[in-house]
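Fold and contact review
Below, each chain spelled out in residue letters.
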Amino acid sequence: MKYIIMCGGTYKEWDTPKQLIKICGEPIVARTIRLLRENGIDDIAISSNNRVFEQFGVPVLKHDNPFVSMPNNNPKGYWVDAFYPTEFPVCYLLGDVVFSSEAIATIVNTV
């Protein structure tokens, strides 16, 4: 199972991506990565086009075209494949959510 932390967005109203806000001195996304690793998860990636997320030591999934829907609202295209891979089981986690250690343990043990 691959765990992908969703860190997309334009951050128009923030000076920094929300995922980088520090809680007890640790960026939210770093906390999620740490908690996943503490629960034995090593197959972790971040879904974002922002290079700032490369500092966290996990692969960053990127795409090259803007977010657009295809005709009939069919969101199929190579950006969907890059951000939402379907060739293997995936658990998506929102990157701006502060998960408790118990919540991550529950997610890992449920999936």
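Residues numbered from 1 in each chain as written. Predicted model: local features only at pLDDT ≥ 70, side-chain atom pairs only at ≥ 80, totals over all residues. Heavy atoms only, no water.

So, the sheet that holds strand β5 (residues 60-61)
- The strand order across the open sheet formed by four strands is β5-β4-β1-β6, and the pairing between neighbours is parallel. Of all strands in the sheet, those with a lone pairing partner are β5 and β6 (90-94), marking the two edges.
- As judged from the five bridges shared by strand β1 (residues 2-6) and β6, these two strands associate in the parallel manner. Opposite M6, over in β6, you have L94 as the bridge partner. (Pairing = 2+ DSSP bridges. Helix = DSSP H or I, 4+ residues; strand = E, 2+ residues; numbered from the N terminus.)

Observations concerning the environment of P17
- Within the element layout of this structure, P17 appears in the loop between β1 and β2 (22-23).
- Expressed as a C-alpha distance, the spacing of P17 and G95, which sit 78 residues apart in the sequence, is 9.8 Å.

Points about the packing of aromatic side chains
- Per the counting criterion, the structure on display carries one aromatic pair.
- With a centroid separation of 6.5 Å and 35° between ring planes, the pair formed by F53 and F56 is classed as tilted. (Phe/Tyr/Trp six-rings, centres within 6.5 Å; stacked < 30°, edge-to-face > 60°.)

A short note on the packing of helix α1 (residues 28-38) against helix α3 (residues 101-110)
- Across the interface, α1 lies against α3 with an axial gap of 9 Å and an inter-helix angle of 55°. Taken together, the axes of α1 and α3 lie oblique to each other. α3 is crossed by α1, and the crossing has right-handed handedness. Side by side, α1 and α3 meet where R31, T32, L35 and L36 of the first sit next to S101, I104 and V108 of the second. (Axes fitted to C-alpha atoms, helices over the stretch in contact; angles between N-to-C directions. Parallel < 35°, antiparallel > 145°, perpendicular 65-115°, else oblique. Left-handed = near helix turned anticlockwise from the far one by under 90°. Contact = heavy atoms within 4.5 Å.)

A closer look at the nonpolar core
- Among the nonpolar cores identified, the biggest contains 21 residues, and I5, V29, I33, L36, I46, F53 and F56 are the most heavily contacted of them.
- Of all the elements in the fold, those that place two or more residues in this core are β1, α1, β4 (44-47), β6 and α3.
- Among the elements that line this core, the one with the most residues is α1, at five residues.
- With near-sequence residues (within four places) excluded, I46 lies in contact with I5, C7, V29, I33, F53, F56, V58, P59, V60 and L61. (Core = buried A, V, L, I, M, F, W, Y, C linked by side-chain atoms within 4.5 Å. Buried < 20%, exposed > 50% of the residue type's maximum accessible area, 1.4 Å probe, protein only.)

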